[in-house]
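Each chain, letter by letter, is given below.
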There are 2 protein chains.
Amino acid sequence: MAKAQKPTINDVARLSGVSKKTVSRVINKSPLLNQATREKVEAVIAQLDYVPNPQARALALRRNFLIGLIHDNPNAQMVLGVQEGILDTIRSTEFALVVRPVDRHSPTLLDDIHRFIEQQRLYGVMLLPPLSENDELARLCRDLGCTVVRMGSARLDDEAHLVASNDQEAVSDAVAWLAELGHTRIGFIAGPDGFRSARERELGFIAGMGRAGLTIDPALLARGNYQFESGHAAGQHLLGTATPPTAIFASNDEMAAGVLHAACERGLRVPHDLSIIGFDDTAIAAHIWPPLTTVRWPIRAMARTAALKLTRPETAARDAAFFPSELVRRASAVRAPG
Amino acid sequence: MAKAQKPTINDVARLSGVSKKTVSRVINKSPLLNQATREKVEAVIAQLDYVPNPQARALALRRNFLIGLIHDNPNAQMVLGVQEGILDTIRSTEFALVVRPVDRHSPTLLDDIHRFIEQQRLYGVMLLPPLSENDELARLCRDLGCTVVRMGSARLDDEAHLVASNDQEAVSDAVAWLAELGHTRIGFIAGPDGFRSARERELGFIAGMGRAGLTIDPALLARGNYQFESGHAAGQHLLGTATPPTAIFASNDEMAAGVLHAACERGLRVPHDLSIIGFDDTAIAAHIWPPLTTVRWPIRAMARTAALKLTRPETAARDAAFFPSELVRRASAVRAPG
DNA sequence: TTGTATGCGTTATCAG
DNA sequence: CTGATAACGCATACAA
């Protein structure tokens with residue numbers, strides 16, 4: 001099956017009776033070119049089904065057409081959504097997507113990434129949260145000569161190198177929704193200290209409570225680490241207080257699921273006795289019972305834009321950097337009891 | 001910060017007073033080489049912190065050191081696990097992982113993949129289910145000169161090009177477990193027609209029922225498409241029959257979650273009134289209430305081995321191709337009522 | 001507007 | 001065992 005040989009730029013040059021350089025010009029869309037010759041060459045290219053060899057280009061340009069995706073597994077859903085989004089925009093280009101899961105706690109993190117970028121001569125890299133909050137890492141990538149776009153939940157960088165969601169506003173809306181449903185005792189489970197997203201969601205909670213004219217009861221505040229077990233523990237704690245909340249906002253879905261388990265264990269019925277709202281709209285959210293009201297990032301669209309900023313900065317650098325999140329209203333949040 | 005210039009093979013050659021070719025020989029571990037010269041060159045390499053340029057190698061060898069991961073999103077968990085597994089084995093090599101999500105229903109699927117492999121000059125590709133069941137696709141990849149390893153739930157290929165889990169046995173064990181708990185009316189929700197994994201799990205169910213001395217009631221059989229909604233519908237159907245099952249095995253976790261919803265909607269208490277078992281151990285399984293008993297593939301280990309078979313076939317081709325799955329016993333399956 | 005000569009960093013060929 | 005020299009496929013400088 002394997003066809004004899006892939007056509008090279010030489011074949012195209014010979015068959016169209018011009019020099020390699022001319023062919024190279026039409027490939028790279030050089031402006032100074034006779035329209036006639038261009039069309040002639042393009043015809044031959046089409047006829048031969050010629051595709052320039054990226055490796056040769058990489059060598060000559062000293063730069064590869066590879067986009068790196070570096071992350072420390074925020075959650076599977078997000079990583080996959082990002083991959084799909086990036087692919088949406090580079091699918092029919094010469095770019096390819098190289099992935100690199102890492103451990104942000106590794107002492108050799110920076111070295112590893114340094115080596116990775118240098119070895120693969122990456123064109124650009126995309127950083128996912130919480131790695132994207134690491135300024136030192138971003139600087140390293142840039143020093144190595146590759147563009148960086150960061151994904152996050154706040155203004156981590158200038159608009160040309162950022163796609164962000166406004167977590168603060170989204171959480172504020174969620175809390176407002178709870179207030180609208182008649183809840184006044186609203187519990188909050190924060191994400192881990194040091195995470196920008198955790199901080200933003202916290203600020204959103206405060207803003208939302210203020211907006212609704214509600215006061216914040218410190219007894220109804222807890223902190224988790226974005227993992228199920230921590231949500232479970234925080235839920236047990238919050239529900240065990242003298243005057244427990246009628247609604248709990250957890251800073252991500254995993255912790256929200258933990259709260260749900262805690263409630264079930266206490267014999268509470270969700271949402272009848274307790275409303276719960278999460279954040280991220282992972283697969284968990286739609287599949288637990290009751291289906292979880294949560295906040296959704298337009299991840300795929302964000303990744304599409306990020307890939308544009310990475311591969312075609314001249315046209316996309318000024319594309320919107322901020323994407324509105326959306327409150328997905330499902331069954332886990334209802335009118336307050338009593 | 002960017003260091004002046006990366007050292008090339010020429011620098012190494014000059015500083016160690018040998019020819020480029022000799023340096024090339026030590027890099028590629030050529031057997032015919034004077035031990036003394038080898039050590040001398042290696043010293044210089046270490047001193048210069050020299051790393052061969054993969055693009056140049058790719059050009060000269062007409063083959064890139066890229067492993068492609070082609071999939072049609074079986075589930076986020078699996079894809080990510082596979083990526084991590086592959087990275088485990090290639091992390092400190094010159095290989096990189098490039099991913100390619102595709103749509104298996106696209107009419108241009110084969111063409112797209114053809115172009116992708118040819119353009120990137122992939123070294124090898126890994127195929128995930130259900131794409132891995134496509135023999136035509138596997139053949140295409142091989143014709144294009146790259147090794148293929150397929151991941152699946154049956155003997156899809158010879159052992160050098162396969163990592164597989166024995167779904168049949170795993171399901172059989174799960175059913176046996178249900179029987180042991182006293183269940184006799186066991187419902188089964190099959191996966192979509194045409195999926196190899198669905199077929200294997202079906203056979204496992206039949207075997208398990210036989211093993212337990214139970215007869216299969218056709219009224220307790222349903223079919224879904226591996227998605228939540230289909231599990232929901234199948235659950236409603238099964239639970240609505242005259243003599244409903246006391247336990248249901250769903251061929252994956254998403255459908256199992258659907259069954260759970262159906263049960264909750266009917267006011268059934270899980271697991272008290274109905275036991276449920278799923279398959280895959282996705283994030284959903286651990287996070288729904290009650291936690292779902294399910295079957296887990298050792299995905300990461302499988303991917304590690306797959307990457308070995310891909311990058312070092314001479315040493316790994318005969319590594320084990322079959323990996324035992326494990327029944328994860330959680331709270332959703334308990335003793336039969338009454 | 002187009003062509004010539006040369007370089008990119010590595011490996012293969014084939015002498016020595 | 002080792003080394004000149006020519007690929008590999010494309011891009012850049014500089015001419016023409």
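Scroll up for the structure.
If you're wondering where the values come from, they're calculated on a predicted model, not measured in any experiment. (Residues numbered from 1 in each chain as written. Chains lettered and ligands numbered in written order. Predicted model: local features only at pLDDT ≥ 70, side-chain atom pairs only at ≥ 80, totals over all residues. Heavy atoms only, no water.)

Visitor: Report on the protein's contact with DNA strand C, specifying residues and quantitative values.
Guide: The local shell around DNA strand C holds 25 residues, among which Thr22(A), Leu33(A), Ile9(B), Lys20(B) and Tyr50(B) are the closest. If you look at DNA strand C and keep only atoms within 4 Å of the protein, 62% of those are sugar or phosphate atoms. Thr22(A) has a polar side-chain atom sitting 2.4 Å from a phosphate oxygen of DNA strand C. Contact distances for DNA strand C include 3.1 Å between a phosphate oxygen and a side-chain N or O atom of Asn28(B). Elements with a contribution of two residues or more to the surface near DNA strand C: helix H2 (20-27) and helix H4 (54-61) of chain A together with helix H2 (20-27) and helix H4 (54-61) of chain B. It is H4(B) that provides the largest number of residues to the surface near DNA strand C, a total of 4 residues. When the residues that make up the surface near DNA strand C are grouped by side-chain class, the tally is 11 nonpolar, 8 polar and 6 charged. (Near = heavy atom within 4 Å. Polar contact = N/O pair within 3.5 Å; in protein donor to acceptor, adjacent residues only side chain to side chain. Helix = DSSP H or I, 4+ residues; strand = E, 2+ residues; numbered from the N terminus. Nonpolar A, V, L, I, M, F, W, Y, C, P; charged D, E, K, R; others polar.)

Visitor: Quick one: what's the story with the sheet that holds strand E8 (residues 247-250) of chain B, residue by residue and with numbers?
Guide: Sheet strands pair via backbone hydrogen bonds, and the direction of the pair is either parallel or antiparallel. Residue and element names in this part refer to chain B. With respect to topology, 4 strands assemble into an open sheet ordered E7-E6-E8-E9, the strand pairing being parallel. Each of the sheet's edge strands pairs with one partner strand only, and the pair in question is strand E7 (221-223) and strand E9 (275-277). Between one strand and the next, the sheet's axes are offset by a mean angle of 20°, whatever the strand orientation. The pairing of strand E6 (residues 186-190) with E7 spans 3 bridges and is parallel. (Pairing = 2+ DSSP bridges. Axes fitted to C-alpha atoms, helices over the stretch in contact; angles between N-to-C directions.)

Visitor: Report on the protein's contact with DNA strand D, specifying residues and quantitative values.
Guide: In the region of DNA strand D, 24 residues are neighbours, and Ile9(A), Lys21(A), Tyr50(A), Thr22(B) and Leu33(B) sit closest. Protein-adjacent atoms of DNA strand D, using a 4 Å cutoff, are sugar or phosphate at a proportion of 61%. Here Tyr50(A) contributes a side-chain N or O atom positioned 2.5 Å from a phosphate oxygen of DNA strand D. Between Thr37(B) and DNA strand D, the recorded distance is 2.9 Å, taken from a side-chain N or O atom to a phosphate oxygen. Counting residues per element, the ones that place at least two in the surface near DNA strand D are H2 and H4 of chain A together with H2 and H4 of chain B.

Visitor: Got a sec to walk through the sheet that holds strand E9 (residues 275-277) of chain A? Specific residues and values, please.
Guide: Residues and elements named next belong to chain A. Pairing in this open sheet of 4 strands is parallel, and the strands run E7-E6-E8-E9 from one edge to the other. In the strand order of this sheet, the two ends are held by strand E7 (221-223) and E9, each with one partner. Between one strand and the next, the sheet's axes are offset by a mean angle of 20°, whatever the strand orientation. Inspection of the sheet shows strand E8 (residues 247-250) paired to E9 by 3 bridges, in the parallel sense. The partner of alanine 247 across the bridge, within E9, is serine 275. Running over the sheet, helix H9 (residues 196-211) touches strand E6 (186-190) and E7 and is turned about 165° from E6. Sheet contacts for helix H10 (residues 228-239): E6, E7 and E8; angle to E6, the most-contacted strand, approximately 150°. (Contact = heavy atoms within 4.5 Å.)

Visitor: Pulling in residues and values, what's your account of helix H11 (residues 253-265) of chain B?
Guide: All names here are of chain B. Taking 1.5 Å per residue as the helical rise, H11 with its 13 residues ought to reach 18 Å, and the 18 Å between its terminal C-alpha atoms agrees with that figure. Listed as buried for H11 are Asp253, Met255, Ala256, Ala257, Gly258, Val259, Leu260, His261, Ala262 and Ala263. Glycine 267 sits one or two positions beyond H11 and adopts a positive phi of about 80°. (Expected span 1.5 Å × (residues − 1). Buried < 20%, exposed > 50% of the residue type's maximum accessible area, 1.4 Å probe, protein only.)

Visitor: Lay out the relation of the copies chain A and chain B with the relevant residues and their values.
Guide: With an RMSD of 0.3 Å, the fit of chain A onto chain B corresponds to turning through 180° and sliding 0.1 Å along the axis. A rotation of that kind, with that shift, is consistent with a two-fold axis. A share of 100% of interface residues in chain A that are also interface residues in chain B marks the association as one of identical surfaces. (Least-squares fit on C-alpha atoms with pLDDT ≥ 70 in both.)

Visitor: Residue-level account of the nonpolar core, with values.
Guide: Side chains of a nonpolar character, in soluble globular proteins, are inclined to be buried together. Among the nonpolar cores identified, the biggest contains 96 residues, and Val82(A), Met126(A), Val82(B) and Met126(B) are the most heavily contacted of them. In this view, Val82(A) contacts Leu69(A), Met126(A), Leu128(A), Met151(A), Ile299(A) and Ala303(A); residues no more than four positions away in its chain are not counted. Met255(A), Ala263(A), Ile248(B) and Val270(B) belong to the second-largest nonpolar core, a separate cluster that totals 50 residues. (Core = buried A, V, L, I, M, F, W, Y, C linked by side-chain atoms within 4.5 Å.)

Visitor: Residue-level account of the interface of chain A and chain B, with values.
Guide: Contact with chain A, which involves 52 residues of that partner, is made by 52 residues of chain B. If you sort the residues of chain A by the area they bury against chain B, Gln55(A), His287(A) and Trp289(A) come out on top, with a joint share of 15%. The interface formed by chain A and chain B holds 14 residue pairs in polar contact (both at pLDDT 80 or more) in total. Elements that contribute at least two residues to the side of chain A that touches chain B include exactly H4, helix H5 (76-90), strand E2 (96-101), helix H6 (109-120), helix H11 (253-265) and helix H12 (283-287) of chain A. Top contributing element to the side of chain A that touches chain B by residue count: H5(A), with 7 residues. When grouped by side-chain class, the residues that make up the side of chain A that touches chain B number 27 nonpolar, 12 polar and 13 charged. (Buried area = accessible area lost by both parts, 1.4 Å probe.)

Visitor: Describe in detail the pairing of strand E1 (residues 66-71) of chain B, supporting the description with residues and values.
Guide: Residues and elements named next belong to chain B. Most of E1 is tucked away, with 6 of its 6 residues classed as buried. In E1, alternate side chains face the same way, and those of Leu66, Gly68 and Ile70 on one face and Ile67, Leu69 and His71 on the other are all buried. Bridge count between E1 and strand E2 (residues 96-101): 6 bridges; the pairing is parallel. Looking across to E2, one finds that isoleucine 67 is bridged to leucine 97. In this view, the connection linking E1 to its parallel neighbour E2 by way of helix H5 (residues 76-90) has right-handed handedness. One ladder, built from 4 bridges, connects E1 with strand E3 (residues 124-127); its direction is parallel. Bridge pairing in E3 links isoleucine 70 to leucine 127. (Right-handed = clockwise from strand over helix to strand, strands pointing away.)

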